[in-house]
Amino acid sequence: MKTNQTMLAESVPSLDQVRENGSDASAKIAFYLPTGNEVDLCIHAYRSRIPLMLKGPTGCGKTRFMEHMARRIGRELITVSCNEDTSATDLLGRHLIRGGDTVWTDGPVTRAVRTGAILYLDEIAEARADAIVVIHSLTDHRREIFLDRTGESIQASDDFMVVISYNPGYQRSLRELKPSTRQRFASITFGYPNEREEIRIVAHEAEIDAATAKKLVGIATKIRQLTELSLLESVSTRLLIAAGKLIASGIPPRAACIAAIAEPLDDEAETIAAIRQLIEISI
Ligand SMILES: Nc1ncnc2c1ncn2[C@@H]1O[C@H](COP(=O)(O)OP(=O)(O)O)[C@@H](O)[C@H]1O
Ligand SMILES: [Mg+2]
């Protein structure tokens, strides 16, 4: 007899299988260019019911990766963008007054646990401590949540998975995750893709030619090497795509790069001037 685990393992399709499922299915799967072993790691973590932590700077593909993987695995992706106000109640649910009655309404975590979805808690380190505690019972052998407002305990099905994202370099969020939280997860580090990969991503996403994408990636590579700029965070793939889209829609390349790359990176006039100079000699 097959265990749940082997049945689950066999039910995770390869990308080719997803593509063979028909044009509808392949049209909906988000484009994701792997830059390491992240696809295999995610599928195996899912099969083994190990929660995942995605680490890395903003705009380097973490959200896109999960959109792609959820589609491949065949589960709904429920995303919560955490901020400093995110509380346990926001995650679990609350009583709402509807037409004179009080009705319990599931929060996103409860909904994901009930339906066996992939729960993606984006920027988890930003959330309040009581929100982080909610994920403890979900990420150890218990795999359950307790709703103290209704007295209900809900066990997650085998299909359920927790994924969190965390940006270790994000200066404004100095709140580090505690070891007791971190050690519940297998972790994948996302960085900027290498030049060849990034050219493909930018060309695909912005719908521009490879030569223009190459110039944009060249600018990014130079900015990323300029550590003396002491940027809070360096230029992301997302910014390059934005510059590419502005170019595709008719903004002159330099102006597009200044608006989409130089200005969003910093407010200091000197820093922006240095980046502008670099743009002007590159495109
Ligand atoms: N490996 C990749 N494959 C395909 N697209 C990518 C990849 N990395 C980044 N992107 C593009 O960059 C954009 C920003 O990435 P995103 O997933 O939102 O970043 P993060 O969640 O890490 O902040 C995506 O919308 C996508 O267009
Ligand atoms: Mg994201």
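Rules used throughout
Residues numbered from 1 in each chain as written. Chains lettered and ligands numbered in written order. Predicted model: local features only at pLDDT ≥ 70, side-chain atom pairs only at ≥ 80, totals over all residues. Helix = DSSP H or I, 4+ residues; strand = E, 2+ residues; numbered from the N terminus. Buried ≥ 20, exposed ≤ 12 C-beta atoms within 10 Å, placed from the backbone. Contact = placed C-beta atoms within 7 Å. Near = placed C-beta within 6 Å. Nonpolar A, V, L, I, M, F, W, Y, C, P; charged D, E, K, R; others polar. Arc of directions from axis to C-beta. Axes fitted to C-alpha atoms, helices over the stretch in contact; angles between N-to-C directions. Left-handed = near helix turned anticlockwise from the far one by under 90°. Pairing = 2+ DSSP bridges. pLDDT = per-residue confidence, 0-100.

Draft legend 1. Representation of the overall build of the protein chain within the structure. Within the protein chain one finds 14 helices and nine strands. By the burial criterion, 34% of the 283 residues in the protein chain qualify as buried. A separation threshold of at least 6 residues defines the contact pool for the protein chain, and within that pool the share at least 24 residues apart is 70%.

Draft legend 2. Layout of the site of ligand 1. Within the structure, ligand 1 sits among 17 residues, and Gly61, Lys62, Thr63, Arg64 and Arg238 are positioned closest to it. Every element with two or more residues in the shell around ligand 1 is listed here: α5 (62-73), α10 (195-206) and α12 (237-248). When grouped by side-chain class, the residues that make up the shell around ligand 1 number seven nonpolar, six polar and four charged.

Draft legend 3. View of helix α4 (residues 38-48). Every buried residue of α4 is accounted for by Cys42, Ala45 and Tyr46. The arc that holds every buried residue of α4, seen down its axis, measures 100 degrees, which confines them to one face. Along α4, exposed side chains directed more than 90 degrees from the buried face belong to Asp40 and Ser48. Taken together, the buried residues of α4 touch β1 (52-55), α5, β8 (161-166) and β9 (186-189). Phi turns positive one or two residues past the end of α4, at arginine 49, with a value near 55 degrees.

Draft legend 4. Seen up close, the packing of helix α11 (residues 210-225) against helix α14 (residues 269-282). Between α11 and α14, whose axes approach to 10 Å, the crossing angle comes to 145 degrees. Handedness of the crossing formed by α11 with α14: right-handed. For the pair α11 and α14, contact is made by Lys215, Gly218, Ile219, Lys222 and Ile223 and by Ile275, Leu278, Ile279 and Ser282, respectively. Here the residues of the contact of α11 with α14 sort into five nonpolar, two polar and two charged.

Draft legend 5. A look at the sheet that holds strand β5 (residues 118-122). Across the sheet, five strands lie side by side as β2-β5-β8-β1-β9; this open sheet has parallel pairing. The two strands at the open ends of the sheet, each matched to only one other strand, are β2 (77-81) and β9. Neighbour-to-neighbour, the strand axes of the sheet open up by a mean angle of 20 degrees, direction not taken into account. Pairing of β1 with β8 involves four bridges; the strand directions are parallel. Counted as the bridge partner of leucine 54 is serine 165 from β8. Along the sheet face, α4 touches β1, β8 and β9 and points at about 165 degrees away from the line of β9. The strands touched by α5 within the sheet are β1, β2, β5 and β8, with β5 carrying the most contacts at an inclination of about 175 degrees.

Draft legend 6. Structural view of the confidence of the model for the protein chain. Looking at the protein chain as a whole, the pLDDT averages 89, with 88% of positions reaching at least 70. Under a pLDDT of 50 for its full length, residues 1-9 has, in the predicted model, six contacts with residues more than four places off or in other chains. Every residue in residues 21-25 scores below 50 in pLDDT, and together they form one contact with partners more than four places removed in sequence or on other chains.

Draft legend 7. Seen up close, unusual backbone geometry. The phi torsion at arginine 49 lies on the positive side, around 55 degrees, for a residue other than glycine. Tracing the backbone through its elements, the reader meets arginine 49 in the loop between α4 and β1. You can call arginine 49 partly exposed: it has 18 C-beta atoms within 10 Å. One non-glycine residue, glutamate 123, lies in the positive phi region at around 55 degrees. Position of glutamate 123 among the secondary structure elements: in the loop between β5 and α8 (129-134).

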